[in-house]
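Report on the structure
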Amino acid sequence: MSAPEPAFEAPWHAQLFALTVHLNESGLFDWPFWADRFGATLARHGLARELNGGEDYFNAWLETLETLLIDAGHARPGDLRALRDGWETAYLSTPHGDPVHLKAGQSV
Amino acid sequence: MPHDHSDHDHPHALLPPEPALRVKALETLLTRKGLIDPAALDEIIDTYENRIGPRNGAEVVARAWSDPDFRAALLEDATAVVAEMGFFGRQGEHMVAVENTDELHNIVVCTLCSCYPWPLLGIPPGWYKSDAYRARVVREPRKVLAEFGVELPEETAVRVWDSTAEVRYLVIPQRPAGSEGLDVDALSDLVTRDSMIGTGLAKAP
């Protein structure tokens, strides 16, 4: 076998992949349903330009999962935005090298 | 870029890229709602980064080359045969093995997204997920093959199999000349990931 390539190019690709597989296995949606939704996002993004199989691909994946969870009532856009901002603040206010935690009280 | 990854004197933690923050937001929300178990996520990542990959598929192909009964059973019902070898689970619910011959060369794609036989090949490579491959391999398979360095004789037909969320394909490449007498282990070293997708050939010994 040739030298193995890393399965995922970036840590967030792996996290997002695992999140989706886990939600599928816990019964939140079945895989054909996921593949249909994801395929539709890829097709839509691909109209504007040719997508690569790395960053473009996982951006489409992320948008699909967010939308799917919002549509199913498991997430609200405002909550996701607030948590995203909370994480940004946490990173920017944590000394380099320390573990980054979401601030207490950062609730949704 | 204000947050250069090589900057170790930075006063604060490196800010992850925008989509990574959105993934963290999803993970936090779903954990708080009790919909996910963070330990299960780590387990899934570890499985695909370290434990499942194309070695599994290579073992199946090497056995098919060595054992005619196994080969016949594999072509008949790949899902059952590879499950017996311990290769089953996610995205392996219905697997079909297709065999390359002098007359026919098989290639696999997923035109919808990136359906792929995870238990046998692991996570698909970037090019398998790209628009360039997904769109073009159906339209001009010989040209795509040539870009992968595969030149087939004119008389060899090319068949493209479109994977779905229900059916995943494994290509059994042709056994290379000069591999007579090799055992299954040695044979499996000749089987590349790309040869099991159809964009490559098995290596010569």
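Residues numbered from 1 in each chain as written. Chains lettered and ligands numbered in written order. Predicted model: local features only at pLDDT ≥ 70, side-chain atom pairs only at ≥ 80, totals over all residues.

**Quick notes on the overall build of chain B**
Using the following cut-off: Strands are runs of DSSP state E lasting at least two residues, helices are runs of H or I lasting at least four, and both sets are numbered from the N terminus onward. Exposure criterion: with C-beta atoms placed from backbone coordinates, a residue whose C-beta has 20 or more other C-beta atoms within 10 Å is buried, one with 12 or fewer is exposed, and one in between is partly exposed. Contact criterion: two residues are in contact if their C-beta atoms, reconstructed from the backbone, are within 7 Å.
Across its full length, chain B holds eleven helices and four strands. Principal-axis analysis of the C-alpha atoms gives chain B an extent of 60 × 35 × 30 Å. Evaluated residue by residue, chain B yields a buried proportion of 41% over its 205 residues. A fraction of 70% describes how many contacts in chain B between residues 6 or more apart in sequence connect residues 24 or more apart.

**Looking at the environment of B:Tyr116**
All names here are of chain B. Assignment of secondary structure puts tyrosine 116 in the loop between strand E2 (104-109) and helix H6 (118-121). On the neighbour-count criterion, tyrosine 116 (22 C-beta atoms within 10 Å) is buried. The spacing of tyrosine 116 and tryptophan 161 is 45 residues in sequence and 11 Å in space, taken between C-alpha atoms. When sequence neighbours within four positions are dropped, the list of residues in contact with tyrosine 116 reads Gln91, Cys110, Leu121, Pro124, Tyr128, Ser163 and Arg168.

**A look at the interface of chain B and chain A**
So the rule is basically this: The classification used treats Ala, Val, Leu, Ile, Met, Phe, Trp, Tyr, Cys and Pro as nonpolar, Asp, Glu, Lys and Arg as charged, and all other residues, Gly among them, as polar.
The interface is formed by 48 residues belonging to chain B together with 54 residues belonging to chain A. Mapped by element, the contributors of at least two residues to the side of chain B that touches chain A are helix H1 (18-32), helix H2 (38-51), helix H3 (54-66), helix H7 (126-129) and helix H8 (131-139) of chain B. Per-element accounting of the side of chain B that touches chain A gives the leading share, eleven residues, to H1(B). Class assignment for the residues of the side of chain B that touches chain A results in 29 nonpolar, eight polar and eleven charged.

**Focus: the domain arrangement of chain B**
How big an interface is tends to be stated in terms of the accessible area lost upon association of its parts. Filter applied, for reference: The split of the chain into domains comes from an automatic or database domain assignment.
By domain assignment, chain B separates into domain 1 (18-50) and domain 2 (53-197). Just the C-alpha atoms count here: the centres of domain 1 of chain B and domain 2 of chain B sit 31 Å apart.

**Here we look at the packing of helix H1 (residues 11-25) of chain A against helix H3 (residues 55-71) of chain A**
The angle between the axes and the distance between the axes are what describe a pair of packed helices. Residue and element names in this part refer to chain A. How we decide: What counts as an axis is a line fitted to C-alpha atoms, over the stretch in contact for a helix, and the angles between N-to-C directions run from 0 to 180 degrees. For classification purposes, an angle smaller than 35 degrees is called roughly parallel, one larger than 145 roughly antiparallel, one from 65 to 115 roughly perpendicular, and anything else oblique. Working rule for handedness: look at the near helix, and if it is turned counterclockwise from the far one by less than a right angle, call the crossing left-handed; if clockwise, right-handed.
Taken N-terminus to C-terminus, the directions of H1 and H3 make an angle of 40°; their axes are 10 Å apart at the nearest point. Judged by the angle between their axes, H1 and H3 are oblique. Note on packing geometry: the crossing formed by H1 with H3 is left-handed. Each of His13, Leu16 and Thr20 in H1 lies in contact with H3, whose residues at this interface are Phe58, Trp61, Leu62 and Leu65.

**So, H1(A)**
Side chains of residues three or four places apart in an α-helix project in the same direction, reflecting 3.6 residues per turn. Note the threshold: Helix span, expected: 1.5 Å multiplied by one less than the number of residues in the helix.
Along its 15 residues, H1(A) runs 21 Å from first to last C-alpha, staying within 8% of the 21 Å computed at 1.5 Å per residue. Of all 15 residues making up H1(A), eleven are buried, and the element is well covered by its neighbours. Buried within H1(A) we find A:Trp12, A:His13, A:Ala14, A:Gln15, A:Leu16, A:Phe17, A:Ala18, A:Leu19, A:Thr20, A:Val21 and A:Leu23. On the buried face of H1(A), the contacting elements are helix H2 (31-48) and H3 of chain A together with H1 and H2 of chain B.

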